[in-house]
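Examining the three-dimensional arrangement
Chain residues, written in single-letter form:
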Amino acid sequence: MGFWLDLDTRQYYRLNESAMLIWQALENGFSFDQIVKEITTTYAVNNKRAITSAEALLRQLQKRKLVRPSG
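Conventions we followed
Along each chain, residue indices are assigned from 1 in the same order as the chain's sequence is written. The model is predicted, so local features are restricted to residues of pLDDT at least 70 and side-chain atom pairs to those at 80 or more, both for listing and for counting; the totals for chains, interfaces and linings are taken over all residues. No hydrogens and no water enter the side-chain calculation; it runs on all heavy atoms of the structure. Angles run from 0 to 180 degrees between N-to-C directions of axes, and those axes are lines fitted to C-alpha atoms, restricted for helices to the stretch in contact. Secondary structure is summarised from DSSP: a helix means a run of H or I of at least four residues, a strand means a run of E of at least two, and numbering begins at the N terminus for each. The labels follow the angle: roughly parallel below 35 degrees, roughly antiparallel above 145, roughly perpendicular from 65 to 115, and oblique for the rest. By the definition used in this description, the sense in which the near helix is turned from the far one sets the handedness, with an anticlockwise turn below a right angle giving left-handed and a clockwise turn giving right-handed. Contacts were defined at the residue level, with two residues in contact if any of their heavy atoms lie within 4.5 Å. Here pLDDT means the predictor's own confidence in every residue, given as a number from 0 to 100.

Attention now moves to the packing of helix α1 (residues 17–27) against helix α3 (residues 47–63). Working note: a packed helix pair is described by the angle between its axes plus the distance between those axes. Between α1 and α3, the shortest axis-to-axis distance is 11 Å and the interhelical angle comes to 70°. One element, α1, and the other, α3, form an angle in the roughly perpendicular class. By crossing handedness, the relation of α1 to α3 is classed as right-handed. When α1 is examined against α3, the residues A19, I22, W23 and L26 are found in contact with a partner set consisting of A54, L57, L58 and L61.

Written out as structure tokens, the structure reads:
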């Protein structure tokens, strides 16, 4: 579990282990496909579940304007 501070809003966010994995992958410039592979490898879940989880977190992060879609 980890914490993240949005310096613009001064809000803290608590991220669970899988969310931290996704956040760190984003920081390292991973593509969506690479993030999904990291999730399936780390947590031994199927591709469909990894995609669903990653998409859900990315939607939340975009909604809070913490990330932007690339391209």
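What follows is about the confidence of the model for the protein chain. Averaged over every residue, the pLDDT of the protein chain is 86; the share at 70 or more is 89%. Helix α2 (residues 32–43) holds the highest mean pLDDT among the elements of the protein chain, 96, whereas strand β1 (residues 2–6) holds the lowest, 56.

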